[in-house]
Amino acid sequence: MFATSLRRLAFGSLLVLASFLLVACDDDGNGPGETPAPTLVPTATASAAPPATASPPRTASATRTPSLTATATPTLSLTPTSTPPPSPSPSPTRSPAEILAFDEPRENALVLAGRVDFVLELPPGASASAASFSVDGEPVVPEVLVENGTIRGSVEVPEGRHVLSVLLPVDGSPATGSVFFEAIELRHPDECEILNDEECLLPYPSSRFLEPADTPTGWRLRIPEVGMIQQAGRKLSPEPYNTVDGFAPTVQILVHFPGGVDPELSGASRLLPETRTYDLRSLDPDSPTVLLDAETGERILHFIEPDIRAADNPKRQVLFLRPATSLRPARRYVVAFRNLRHPDGSPVEAEPVFAALRDRRPSSIPALEARREHFEELFALLEAAGISRESLVLAFDFVTQSDESLTGEMLSMRDQAFAWLEAKVAEGTETFTVDRVVENECREGTLVWRQVEGTYEVPLFLTHDPAADRRFPGRLHLDEQGVPVQNGVTHPPFTIVIPCTALEDGGTPKPGLVVGHGLFGTGRGTLEGLLEEQNSSLLSDLDFVLGATDWWGLSRGDIDPPPSFIVDQVVFQLGNFPALPDRLRQGQLNTLVLARMMKRGVFNRHPAFQSPEGTGLLQGPEGELYYFGASLGGIMGLMFAALSPDVTNVNVDVPAMNFSILLQRATPFLDFELALRLTQITDPMEVALGIGIFEELWAKGESAGYATHITENPLPGTNPKNVLMTMAWLDQQVSNQATEIAARTLGLPNLEGSFVRDLPLIPDLPGPLSSALVVYDTGSFDPENPAHAPFIPPLANLQARPNRCDPHGLRGFIPASIQQLLHFFRPGGRIENFCNGICDAAEPLELPFGREEPCDPLAQ
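Residues numbered from 1 in each chain as written. Predicted model: local features only at pLDDT ≥ 70, side-chain atom pairs only at ≥ 80, totals over all residues. Heavy atoms only, no water.

Here helix 14 (residues 684-698) is 15 residues long and its end C-alpha atoms lie 20 Å apart, about the 21 Å a rise of 1.5 Å per residue gives. With respect to burial, helix 14 is a largely interior element, 14 of its 15 residues being buried. (Helix = DSSP H or I, 4+ residues; strand = E, 2+ residues; numbered from the N terminus. Expected span 1.5 Å × (residues − 1). Buried < 20%, exposed > 50% of the residue type's maximum accessible area, 1.4 Å probe, protein only.)

Written as structure tokens, this is what we have:
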């Protein structure tokens, strides 16, 4: 285009034009030895033309993006290796026959489209009044100011590449000058990221949205309102999200490349059909995608996938880079892309802003110049990791939230609640009420002696009590320092089941087992489900006192009856979303207090928990307490494991972590997606960004914020846990990819005998093991059967077609798995394989409920 524009120049002799083409310019667009011109900051005078500044919507702020070399976080800083350019040599005397040189815009500069300033120094003998200008060969008549031998003015240009030319007489002879520059449109460059201009917050997460602060990381989020998603035409407020000191460690990285990216043609790590997982490609030195720990230089395992939901709208399609494990809290990470290919096989090119930073290209864009020093440091870091800046098409960095930000409030709530409970117990105050006792006569075949129901007191840390009315949102009740403050007490429900075996020998105290329910379930409903006739052998073998409550936030009371908290207050009013992780934390606290009451034998004071001879039937402080939870109970159970000091062995069944990868793959989310569309949330890019932003707070109320402290590096006041993680192959509700990420984060090995083997960075080890992942095939779906294809979870961010044979709810009733669990739930219990070889649903021992045949998804 540059050559075409030159051909369109309509003035100047061929000889002068030829001499222009022979003049060499240095990399900064100046003639040999010329001093680089400073950025023009026009000042208005009474006789001058209007100030040559960009129009208001395109004006970039001069506020600098915080450099991550700030002294507030020395552990995250790096020493820049770039050196300043050499000092220019004196400018030679010009001859009238020479080509005129523009000082602004500089040669090959990047500028904002609209009004572009120019500055032209006049040689002696120049006749400024006779100057004529053109843009791309078309004459223009700018208003100019001539002062001290300099012409200043501006021209209007659209987005694109341009040539600004001038012709004027010098001592009676014509002299010409031209400068090439590129103009781009940037929306809100003073507030938004400018690397992916398709959307304000892309790429996400980016250090562009961090500001220095007195926090453990030295930063705080600064997401602008203009970048927030909108619901029913109104932008959500970023204020609740701008309280955290970094991005969630389970963040899903979002970028946009015009024209799209084909992961296979790019040779990038991706989900592979033959294994349904990814390989170690992302760790290779020549991987086209890089996720780098800036402190250690370690490459982080990951895979990429285009947003399949935007396949028919590539302009609004993000590319996900999904870390294969939780990142470490309070760490700086660098993301880099290179050698990518579009779906047509052509190479992906860098967008203009990043290319200008990469190539040291001059610009007059304040928002770009504010990032230049930071990116020089970033390029130096990548060079040290063997990644040349010339190869890059995009790179950026971010900092993860600290442990204090993620867990501090929850730990404070737990410690305050435990101290409160200890004081009540010491003074002999009963903190629970028994409302209902169902007692059975323990004959042969009878499993349960008593089912005891009631409520118990827990310190309330919300501004609204869900026990009083579940429909209304409430936030954490915090003091001026952000510390949770007790706001009275609340009364969650409890259900405790005492087995007939506890009556042996006049009363035999049993170990406790805390049970977590699934999505929109209840503690009582889960325990009663275990008592159904078809499951009776499970409870008969589980020789425990079982206790359960509700996961407030995602329990039945939060969804029913209408109007409900989840639908009416959260889904239809996403501005209330921060109330969800807060309520989840209160629900988690309720479970922690219930577990402590069971562990300390507090319930034994009441006759409902005593044998006819007066023996308390919970073992008390010297006994064991275990945890079992499936689905949501597995997700929240991992958070429970990180926080509870009262359990050691934990079984999380069909679990995961990180709702930001889970939601769009989960069949239960289908109904909520429909509801969101009713509120005008339909744009796939906004949906992806919204889920990512919500995770910044949601991580505090689910296992994502706590997962690095479960099997090792325990949080204060807790102990490392032994974890049995059981996964259902081809699960429709909790994706296998999300479960795999959870297992890798916990550092679990894969037990030999698992249906799936050779998972990346998850070693296959023989039992017995203290902690392990075990994958079971329920036999429900056959990937080789085309008729089953609609029911098999896609290798993309989509849900399968719901089916009654979903392995999600069946896996827990495989006899070999039940034996494995019982072996684990005992003092010193370890994890062993009880399948006949591989857990592949080949016989009744390995099939749900011990049936002869697997569930048939095609049966009516």
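Right, let's talk about the sheet that holds strand 4 (residues 132-135) for a bit. With respect to topology, five strands assemble into an open sheet ordered 2-9-8-4-5, the strand pairing being mixed. The strands lining the two open edges of the sheet, one partner per strand, are strand 2 (109-112) and strand 5 (138-140). Across the sheet, the axes of successive neighbouring strands diverge by a mean angle of 40°, strand direction being ignored. Bridging between strand 4 and strand 5 involves three bridges; their strand directions are antiparallel. Among the inter-strand pairings, V135 is bridged to a residue of strand 5, identified as E138. (Pairing = 2+ DSSP bridges. Axes fitted to C-alpha atoms, helices over the stretch in contact; angles between N-to-C directions.)

What follows is about the state of the cysteines. Here the structure, examined in full by the defined rule, presents four disulfides. Here C805 is linked by a disulfide to C855, with a sulfur-sulfur distance of 1.9 Å. Because the torsion about its S-S bond is -65°, the bridge between C805 and C855 counts as left-handed. Of this pair, C805 sits in the loop between strand 32 (772-776) and helix 16 (815-824) while C855 sits in the segment after helix 16, placing them 50 residues apart in sequence. What makes C805 buried here is its relative accessible area of 0%. Between the sulfur of C835 and that of C839 lies a disulfide, 2.0 Å long from S to S. Between C835 and C839, the disulfide has an S-S torsion of 110° and is therefore right-handed. (Disulfide = S-S within 2.5 Å.)

Spatial ordering of the open sheet is given by 14-17-16, a layout of three strands whose pairing is antiparallel. Edge strands, defined here as strands with exactly one partner in the open sheet, are strand 14 (253-255) and strand 16 (302-306). When the angles between neighbouring strand axes are averaged without regard to direction, this sheet yields 20°. In the sheet, strand 16 pairs with strand 17 (residues 319-323) via five bridges, with the strands oriented antiparallel. Within strand 17, the position partnered with E305 by the bridge is F320.

The next subject is helix 5 (residues 403-426). The end-to-end C-alpha distance of helix 5, which contains 24 residues, comes to 33 Å, matching closely the 34 Å that a straight helix rising 1.5 Å per residue would cover. Where helix 5 bends most, the angle comes to about 25°, and this point is E409. Phi turns positive, to about 80°, at G428, one or two residues after helix 5. (Bend = angle between axes of the 7 residues up to and from the residue.)

Where helix 10 (residues 579-599) contacts helix 11 (residues 632-643), the two axes come as close as 10 Å, and the packing angle between them is 60°. By the angle class used here, helix 10 and helix 11 are oblique. Classified by chirality, the crossing of helix 11 by helix 10 is right-handed. Packed against helix 10, whose contacting residues are L584, R585, Q588, T591, L592 and A595, the element helix 11 presents M636, M639, F640 and L643 at the interface. When its residues are assigned to classes, the contact of helix 10 with helix 11 shows seven nonpolar, two polar and one charged. (Parallel < 35°, antiparallel > 145°, perpendicular 65-115°, else oblique. Left-handed = near helix turned anticlockwise from the far one by under 90°. Contact = heavy atoms within 4.5 Å. Nonpolar A, V, L, I, M, F, W, Y, C, P; charged D, E, K, R; others polar.)

Parts of the model with low pLDDT should not have their predicted coordinates read in detail. Of all residues in the chain, 87% have pLDDT values of 70 or greater, and the mean over the chain is 89. Scored below 50 in pLDDT, residues 1-97 makes 157 contacts in the model with residues more than four places away or belonging to other chains. (pLDDT = per-residue confidence, 0-100.)

Take the packing of aromatic side chains next. In total, this model carries 30 aromatic pairs according to the counting rule given. Note on F102 and F118: the rings are 6.2 Å apart at their centroids and 85° apart in plane angle, and the pair reads as edge-to-face. Note that F102 is positioned in strand 1 (residues 102-104) and F118 in strand 3 (residues 114-121), a separation of 16 residues in sequence. F118 carries the same exposure label as F102, and that label is buried. When the centroid spacing of 5.3 Å and the interplanar angle of 55° are considered together, the rings of F494 and F603 count as tilted. With F494 in strand 24 (residues 493-499) and F603 in the loop between helix 10 and strand 27 (625-630), the pair connects residues that are 109 residues apart, well separated along the chain. (Phe/Tyr/Trp six-rings, centres within 6.5 Å; stacked < 30°, edge-to-face > 60°.)

Turning next to the nonpolar core. Formed by 182 residues in total, the largest nonpolar core has its most connected members in Y204, F257, F337, F603 and M725. The contact partners of F337, leaving out residues within four places of it in the chain, are V255, F257, P288, T289, L319, L321, S391, L392, V393, L394 and F396. Counting residues in each nonpolar core, the second largest holds 25 residues, with L546, A548, L751 and I814 among its members. (Core = buried A, V, L, I, M, F, W, Y, C linked by side-chain atoms within 4.5 Å.)

The next point concerns the pattern of salt bridges. Applying the stated rule across the entire model yields 40 salt bridges. Between R187 and D197 there is a salt bridge, with its nearest N and O atoms 3.9 Å apart. Of this pair, R187 sits in the loop between strand 9 (173-184) and strand 10 (210-212) while D197 sits in the loop between strand 9 and strand 10; the two residues are 10 residues apart in sequence, bridging distant segments of the chain. Take D197: its relative accessible area is 16%, and that puts it in the buried class. (Salt bridge = Lys/Arg side-chain N within 4 Å of Asp/Glu carboxyl O.)

Position of D653 among the secondary structure elements: in strand 28 (residues 649-653). Not counting residues up to four positions away in its chain, the partners in contact with D653 are F628, G629, A630, S631, G634, T726, R811 and G812.

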